[in-house]
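Overview (structure and organization)
Here is how the chains run, residue by residue.
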Amino acid sequence: MNVGTRETVMSGREFWIGTSWKMTKSAEEAERFAAALAAGWPAHHGPLRLFVVPPYTHLNRVAGALRGSPVLVGAQDTSPWPDGAHTGDVSAAMIAETGAALVEIGHAERRRDHHETDDVVAAKVGAALARGLRVLLCVGETQVVRDEGRALEHVTGQVRAAFARVRPDERDRVLVAYEPVWAIGEGSRAATLPEVEPVHAAVRAVLKDLGQADPVILYGGSVNPGNVDELSRSAEVDGLFVGRAAWDPDGFLGLCAAAARALGTRAERRWSTDAPYGTPSAGPRRTPAAPRVPAPGAGRRRLAVQRVLDPSGRMLSLAVDHGPDAWPVTPVPDAAALAGPKADIVAALRGLPSSVLVDVEHGAPACLSRDLVTPSGLIVGLERQTAPTAPVPAAELVADGRDAATVAAAGADAIKLMWVEDLDDAGSADRFALLERVIADFHAVGLAVMAEVLVTPRDREESAESLRRRQLDVVAEVARRAPDFLKLAFPAGVDAVAGHAAARAACDDLDAAAGSLPWTILSGGQDFGAVVRQVAVACASGASGFVVGRSLWADLLDAGSALIPGAADVLSARWHELASVTRALAAPTER
Ligand code: 13P
């Protein structure tokens, strides 16, 4: 069987495909498989890297049959000890002697059947690397962990733990297989791409952080002829680790052929993970700022903007945003409500490394307090929240302007104005003029302004293109009023990367908006995986920051009354996870 030629394989990156036979196959069956593989493997294999992982007892024969072929042979486990009195164990040296070059470590079935902890896995990884073998490190979360929204945290934790004994010169010999426990074996379902990609992105970020030059991350769990194409096309997936569907040679080679075809049309990753931690992203070039006459309070405002842009050397600043329903008590009645239980959340915010923009809901300027403003760049904003389907009532905008002094006096550095507009709305010119006045009022007291632009579909029939065009028109109008930040929310169905680029270009053409207007992107939904995907989109589109909304707060709130004592931990765990993904994705260059 032909598994692909150089003509069909254009991606240029290696793609790994392997199969573990687990505890199946007689010695004779193993040998027959290896012979079929040796014969079926063409000379032109492009970027495919194949491997088979037989049981220990078949290693010698399989490695012998595949000697001289490009197919690697691996063992399913290794002893953590180099040698000695360890009955039943097989050392890495013994494995290497058979001709095997790879060791699988930490598979879910070993963690389950043999209670292998992260420490044991780390010891085995160290032992295998010390003998010059490659390691295929298996990681993955259970269904329970995923349901709790902790998949990324769990998997990245497993990866970090497994690297505990890896020396710098050894780390590039570790490949990672992401195999969600719930996707492996009979009766399971394969993970979908939206479930796989955020995990791979997060693992890649961690591997980069651990010093790997070019991480290799395979997906495993119910890979089959029906999903091989989609998985292989994903720029996040560097290979596949297959069980049942590859337990006969035709099945295996069929998957290889399908992967080779898919690779020919695969997109490369849009972002690089090469930028060192802490290097500000260059982002797309902007036209230089036209000199502006400094407004009263401008110095303070500039400081606020700078804090959001680059408060601690990070490339992207993160903002926490929450609606009126996010705090346990809604609406916040007064400053006293921030005392007591909320103090824990406030403490967590204060401990975070990046700048944070906290929106305090409509009508609650009294609960703003200088206590919230931290040296790490916490910026407190007052959100004017309205129903997303209706324009902001003019009276409310005027009231916002009047509140400016109160908000500033309470210690806020910035305010977010939610500006929902439809250009066809009669009187929209007046409304933009009003917005201009309100922004000027905030600027006069030194507050930075974030204007949110969200244009909702007119009706079900409206096309994504029409929606995007209307949104760009509104962006241009709002940007002319010179807010300090624009927050763009892209409705479902709109290509956010293209939308961002176009909006940015529209702004670059405007004198009033030229200069340091950063871009943020709204992350919606309750699902933390969706947030990570949004972060990737934000990075790919040159956004300067993004707003993490309900999903982050939902983690706190989901825990109900028990959430409050643990809020600091939950928040900072999530935050660090996001920061690590952001760091790795933030340079929008080709890989
Ligand atoms: P399945 O492909 O049979 O789900 O097994 C995957 C696996 O565990 C590979 O190690």
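Quick caveat: nothing in here was measured; it's all calculated off a predicted structure. (Residues numbered from 1 in each chain as written. Predicted model: local features only at pLDDT ≥ 70, side-chain atom pairs only at ≥ 80, totals over all residues. Heavy atoms only, no water.)

1. Section: the site of the ligand
- Lys22, His107, Glu179, Ala183, Ile184, Gly185, Gly221, Ser222, Phe241, Val242, Gly243 and Arg244 make up every residue found near the ligand.
- One of the side-chain N or O atoms of glutamate 179 is found 3.1 Å from an oxygen atom in the ligand.
- In the model, an oxygen atom of the ligand is placed 2.8 Å from a nitrogen or oxygen of the glycine 185 main chain.
- When the ligand sits alone it has 310 Å² of accessible area, and the protein chains cover 99% of it.
- When the residues that make up the shell around the ligand are grouped by side-chain class, the tally is four nonpolar, five polar and three charged. (Near = heavy atom within 4 Å. Polar contact = N/O pair within 3.5 Å; in protein donor to acceptor, adjacent residues only side chain to side chain. Areas by Shrake-Rupley, 256 points an atom, 1.4 Å probe, with all protein chains shown as cover. Nonpolar A, V, L, I, M, F, W, Y, C, P; charged D, E, K, R; others polar.)

2. Examining the pairing of strand S1 (residues 15–20)
- Across the six residues that make up S1, a large majority, six, are buried.
- Examined bridge by bridge, S1 and strand S2 (residues 48–53) share six bridges and lie parallel to one another. Counterpart to tryptophan 16 in the pairing with S2 is arginine 49.
- Of the strand pairs in this sheet, S1 and strand S8 (residues 239–242) are connected by four bridges, and their pairing is parallel. Within the sheet, the bridge partner assigned to tryptophan 16 lies in S8 and is glycine 239. (Buried < 20%, exposed > 50% of the residue type's maximum accessible area, 1.4 Å probe, protein only. Helix = DSSP H or I, 4+ residues; strand = E, 2+ residues; numbered from the N terminus. Pairing = 2+ DSSP bridges.)

3. Quick look at the side chain of histidine 200
- In this fold, histidine 200 is placed in helix H8 (residues 193–209).
- Exposure remark for histidine 200: the relative accessible area of 0% places this residue in the buried category.
- Ignoring any residue separated from it by four or fewer positions in sequence, one finds histidine 200 in contact with Tyr178, Ile217, Leu218, Tyr219, Glu236 and Val237. (Contact = heavy atoms within 4.5 Å.)

4. Observations regarding the sheet that holds strand S7 (residues 217–220)
- Read around the closed barrel, eight strands run S1-S2-S3-S4-S5-S6-S7-S8, paired in parallel fashion. Averaged over all adjacent pairs, the angle separating strand axes in this sheet is 25 degrees, with direction ignored.
- Note that S7 and S8 share three bridges and pair parallel. Opposite leucine 218, over in S8, you have glycine 239 as the bridge partner. (Axes fitted to C-alpha atoms, helices over the stretch in contact; angles between N-to-C directions.)

Geometry only, nothing functional implied.
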